[in-house]
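Okay, here's what each chain looks like letter by letter:
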Amino acid sequence: MASAELPRPAPGAAARAAWPVSDYDLAATLDSGQAFRWQRVGAGWEGVVAGRWVRLTAAPERIEAETAVPQTSWDWLADYLQIRVELAPIQASFPDDAPLRSAVAACRGLRLLRQEPWECLASFILSSTKQIVHIRQIVETLCQRYGEPVAVPAGQAAAFAFPTAARLAAGTEAELRACRMGFRAPYLLAAAQRLAAGDLDLAGLAGRPLAEARAELMRLDGVGRKIADCVLLFAVGFQQAFPVDVWVAKALRELYFRGRRVAPRKLLVFSESHFGPHAGYAQQYLFHYRRTQATRTVRP
DNA sequence: AACCAGGACACAA
DNA sequence: TTGTGTCATGGT
């Protein structure tokens with residue numbers, strides 16, 4: 001692997017690695033509504049990836065990582081962060097229109113992660129009509145109550161893995177509702193049960209055509225086109241999946257349809273034809289652009 | 001204090 | 001096919 005491993009672990013951490021990167025905005029990437037477990041702590045970000053506690057820090061042209069236990073390989077993290085993906089060819093594949101140029105300029109270095117499919121699916125089942133901050137709270141509660149504890153550096157607060165499907169399947173709807181997820185509880189429970197029963201093969205989705213993989217996910221109760229596309233884009237690697245939520249719909253209407261009202265179906269057709277082979281990436285730029293723009297300009 | 005949030009679904013017209 | 005009410009909860 002192309003990472004330079006450093007001999008000096010930080011105080012309390014057992015292992016440390018670093019990768020040279022260019023055009024990687026770690027903060028925007030970890031905080032752009034793809035993943036829900038990252039916490040900004042001081043200058044870094046702490047989270048749990050693949051059952052391992054991790055602290056990430058962005059340095060100029062570098063991303064540094066620390067873990068609580070020694071690592072024989074860092075592939076699991078390099079893959080999650082998509083370290084080796086070059087952004088320039090992706091951005092060059094976008095249509096050369098003014099809206100997308102603005103979005104790319106405003107979100108330079110924003111990346112798509114490659115998440116664990118079950119965690120991603122479960123998280124987005126919980127996401128419907130919820131603000132990102134609240135999704136984080138629900139996911140955190142779920143992990144604290146039903147996730148396996150993971151090793152943390154001395155002096156750090158306890159951390160927990162995302163609960164397995166089998167663990168959630170063994171519980172009850174009432175227990176899930178107690179995590180404040182409301183009407184999404186039966187959806188999550190049923191999905192966990194189907195996975196635990198081997199009735200749905202998330203890992204196998206990557207080898208299938210997009211439409212088939214999407215249809216397979218949409219067989220789950222509570223999973224429609226939008227949530228299915230989030231899982232396909234953020235966890236399975238389908239670059240053309242294009243989740244349209246309220247923010248992306250707003251961005252498309254305002255930037256490409258002169259703010260007019262547009263039928264949801266029409267937005268989908270447009271999204272499938274306009275953005276090219278990395279449409280999903282374009283979607284993430286539009287999403288982040290529209291969200292950060294709004295919060296910046298809403299000053300009286 | 002209304003309004004809205006990375007929706008989906010059953011049902012109506 | 002497209003529109004409306006419902007679901008649960010908390011941030012802004």
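Here the structure is a predicted model, which is why all the values come from computation and not from measurement. (Residues numbered from 1 in each chain as written. Chains lettered and ligands numbered in written order. Predicted model: local features only at pLDDT ≥ 70, side-chain atom pairs only at ≥ 80, totals over all residues. Heavy atoms only, no water.)

### Considering the protein's contact with DNA strand B
In the vicinity of DNA strand B there are 28 residues, among which Gly-33, Thr-129, Gln-131, Ile-132 and Gln-283 approach most closely. Contact distances for DNA strand B include 2.9 Å between a sugar or linking oxygen and a backbone N or O atom of Lys-130. Gly-222 is positioned with one of its backbone polar atoms (N or O) 3.0 Å from a phosphate oxygen of DNA strand B. Among the residues making up the surface near DNA strand B, the classes are represented as 11 nonpolar, 10 polar and 7 charged. (Near = heavy atom within 4 Å. Polar contact = N/O pair within 3.5 Å; in protein donor to acceptor, adjacent residues only side chain to side chain. Nonpolar A, V, L, I, M, F, W, Y, C, P; charged D, E, K, R; others polar.)

### Brief notes about the packing of aromatic side chains
Taken as a whole and judged by the stated rule, the model has 13 aromatic pairs. Note on Phe-242 and Phe-275: the rings are 5.3 Å apart at their centroids and 20 degrees apart in plane angle, and the pair reads as stacked. Highlighted residues: Phe-242 in the loop between helix 11 (225-236) and helix 12 (246-256) and Phe-275 in the loop between helix 13 (264-274) and helix 14 (279-297), separated in sequence by 33 residues. For the pair Phe-242 and Phe-275, a shared accessibility class is recorded, and that class is buried. Centre to centre, the rings of Tyr-256 and Phe-275 are 5.6 Å apart; their planes meet at 85 degrees, and the pair counts as edge-to-face. Of this pair, Tyr-256 sits in helix 12 while Phe-275 is found in the loop between helix 13 and helix 14, placing the two residues 19 residues apart along the sequence. There is no split in this pair, since Tyr-256 and Phe-275 are both buried. Taken together, the aromatic side chains of Phe-242, Tyr-256, Phe-257, Phe-270 and Phe-275 make up a single cluster linked through ring pairs. In this arrangement the basic side chain of Arg-52 is found over the ring face of Trp-76, its NZ or CZ atom lying 4.3 Å from the centre. Sitting above the plane of the Phe-183 ring, Arg-184 keeps its charged end 4.0 Å from the centroid. (Phe/Tyr/Trp six-rings, centres within 6.5 Å; stacked < 30°, edge-to-face > 60°. Helix = DSSP H or I, 4+ residues; strand = E, 2+ residues; numbered from the N terminus. Buried < 20%, exposed > 50% of the residue type's maximum accessible area, 1.4 Å probe, protein only. Lys NZ or Arg CZ within 6 Å of the ring centre and 35° of its normal.)

### Notes on the domain arrangement of chain A
Taken domain by domain, chain A holds domain 1 (3-106), domain 2 (117-236) and domain 3 (246-295). Look at where the C-alpha atoms of domain 1 and domain 3 centre, and you get two points 26 Å apart. Taken together, the contacts link 18 residues of domain 1 with 15 residues of domain 3. Overall, the association of domain 1 and domain 3 removes approximately 1,400 Å² of surface from exposure, summing both partners, and the carbon and sulfur fraction of that is 68%. Counting the contacts that link domain 1 with domain 3 gives 5 residue pairs in polar contact (both at pLDDT 80 or more). Elements supplying a minimum of two residues to the side of domain 1 that touches domain 3: helix 3 (87-92) and helix 4 (98-106). At 6 residues, helix 4 tops the list of elements feeding residues into the side of domain 1 that touches domain 3. Taken together, the residues that form the side of domain 1 that touches domain 3 break down as 11 nonpolar, 5 polar and 2 charged. (Domains from an automatic or database assignment. Contact = heavy atoms within 4.5 Å. Buried area = accessible area lost by both parts, 1.4 Å probe.)

### A closer look at the side chain of Arg-184
Within the secondary structure, Arg-184 sits in the loop between helix 8 (173-177) and helix 9 (185-196). With residues up to four places along the chain from it excluded, the contact list for Arg-184 reads Ile-125, Leu-126, Ser-128, Thr-129 and Lys-130.

### Overview of the pairing of strand 6 (residues 62-67)
The element strand 6 is largely enclosed, with a buried count of 5 among its 6 residues. Of the strand pairs in this sheet, strand 2 (residues 15-20) and strand 6 are connected by 6 bridges, and their pairing is antiparallel. Along strand 6, the bridge assignment pairs Trp-19 with Ile-63. In terms of strand pairing, strand 5 (residues 52-59) meets strand 6 through 6 bridges, oriented antiparallel. What sits directly across from Arg-55, in strand 6, is Glu-66. Between the end of strand 5 and the start of strand 6, which pair antiparallel, lie 2 residues, with Glu-61 showing a positive phi angle near 60 degrees. (Pairing = 2+ DSSP bridges.)

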